[in-house]
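# Examining the three-dimensional arrangement
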Amino acid sequence: MSDLVLGLDTFGDVPEDDSGALVSHAEAIRQVVTEATLADELGVDAIALGEHHRPEYAISTPETVLAGIAARTSRIRLGSGVTVLSSDDPVRVFQRFSTLDAISSGRAEVILGRGSFTESFPLFGYDLADYEVLFEEKLELFVQLLDEKPVTWTGTVRAPLEHVDVYPKTDSGRLTTWVGVGGSPQSIIRTARHGLPLMLAIIGGPPERFTPLIELYRRATEQLATPAWPLGLHSPGFIADTDEQAKQLHYPRYKVIRDRIGAQRGWPPLRREEYDADLEHGSLYVGSPETVARKIARTVRTLDAGRFDLVYTSGSQPMSARLRAVELYGTKVIPMVRDILAETT
């Protein structure tokens, strides 16, 4: 597990200040840059920023914020988590991230997804009825762009391209690209067909229940003769000095955002018993550094993952508590995870 990547993930949740008031979206974005800078200093391997178009989240253009982070960091990988390709243009996405790759000296990554939220579709004039075809065609085009050669492409969702070269090119010759998947077998097979790494979002329930999907990905890559890349995972959590402190900071604010989104999707309100069960057996990584490290190590070992990103913001946790969570992740959780895995190999 020496090559295991341990990263952080955020949607730019709008946090509270020390008085308990929500800060502005602008301050929330600056806070993410500060947290990413600290993560870089402490040796965190990667940070991913998710694209959202809702009032609870400040980041709508991950690559812009990542460019700001690039200017203040030197080693941390800089990715989206995810870029909603369905409601964007593949050529522009490639250009923006290849530009970020230049600014960051080759540290850019893009995680492409359909998005679990749909606000971007009406915002940019797309019909949800075209949900599948938009992603299928645009991913096909994006994969061609990754070769950094002239592209000829025809589809139904944008104008055709005839032997078109796209700039800037990357120094490495290929932009690091993942596909973010929530658990659809069709999405797993599509990712394998295009020869791309899989980033699996596990946001609830026992991680082991995703084993069949991981096996499907590996079986599909074998049958399709495409690369079987190391698996990436991301899951929500929060870290504080003690288990009780972490839960006190996380649960009430997590419940607010979870219930607000759930009301729009027909979910019942979150009960404390469900939350506690997910802490014990599911995919919530909340607690002291030791508690979180042991749980991450167990998941990485169980699913044979090559990367784990902790979604370290899940609601309006105070800015000071978030900085402490990043500090604990870099100084305590990551070393503990590596030590635990080294003992079991």
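Please refer to the structure higher up on the page.
On a predicted model such as this, the values are computed, not experimentally measured, just so you know.

The rules we used
- Residues numbered from 1 in each chain as written.
- Predicted model: local features only at pLDDT ≥ 70, side-chain atom pairs only at ≥ 80, totals over all residues.
- Heavy atoms only, no water.
- Helix = DSSP H or I, 4+ residues; strand = E, 2+ residues; numbered from the N terminus.
- Rg over C-alpha atoms; globule rule 2.2 N^0.38 Å.
- Buried < 20%, exposed > 50% of the residue type's maximum accessible area, 1.4 Å probe, protein only.
- Contact = heavy atoms within 4.5 Å.
- Areas by Shrake-Rupley, 256 points an atom, 1.4 Å probe, with all protein chains shown as cover.
- Lys, Arg positive; Asp, Glu negative; His and termini not counted.
- Charge placed at Lys NZ, Arg CZ, Asp CG, Glu CD.
- Phe/Tyr/Trp six-rings, centres within 6.5 Å; stacked < 30°, edge-to-face > 60°.
- Core = buried A, V, L, I, M, F, W, Y, C linked by side-chain atoms within 4.5 Å.

Broken down by element type, the protein chain carries eleven helices and twelve strands. Taken over C-alpha atoms, the radius of gyration comes to 19 Å for the protein chain, in line with the 20 Å a tight globule of 345 residues would show. With the C-alpha coordinates aligned to their principal axes, the bounding extent of the protein chain is approximately 60 × 45 × 45 Å. Taking all 345 residues of the protein chain together, 55% fall into the buried category. Counted over contacts in the protein chain with a minimum sequence separation of 6, partners at least 24 positions apart contribute 73%. With an accessible surface of roughly 14,500 Å², the protein chain has 54% of that area assigned to carbon and sulfur atoms. Once the 36 positive and 48 negative side-chain charges of the protein chain are each reduced to a mean point, those two points are 1 Å apart.

Once that is clear, we can look at the packing of aromatic side chains. Evaluated as defined, the whole model comprises seven aromatic pairs. Consider the rings of Phe11 and Tyr57, whose centres lie 5.6 Å apart with planes at 85°: the pair is edge-to-face. With Phe11 in the loop between β1 (5-10) and α1 (25-41) and Tyr57 in the loop between β2 (46-49) and α2 (62-70), this residue pair connects regions lying 46 residues apart in the sequence. For the pair formed by Phe11 and Tyr57, the shared burial category is buried. Measuring from ring centre to ring centre gives 5.6 Å for Phe121 and Tyr131, while their planes differ by 35°; the resulting arrangement is tilted. Of this pair, Phe121 sits in helix α4 (residues 120-123) while Tyr131 is found in helix α5 (residues 131-145), placing the two residues ten residues apart along the sequence.

A few words now on the nonpolar core. Residues Leu8, Phe142, Leu200, Ile296, Phe308, Tyr329 and Val337 are the most contacted members of the largest nonpolar core, which totals 90 residues. Top element by residues in this core is helix α11 (residues 319-343). It accounts for ten residues. If we ignore the near neighbours within four places in the chain, the residues touching Leu200 are Val181, Gly183, Ile188, Phe210, Ile214, Leu231, Gly232, Leu233 and His234.

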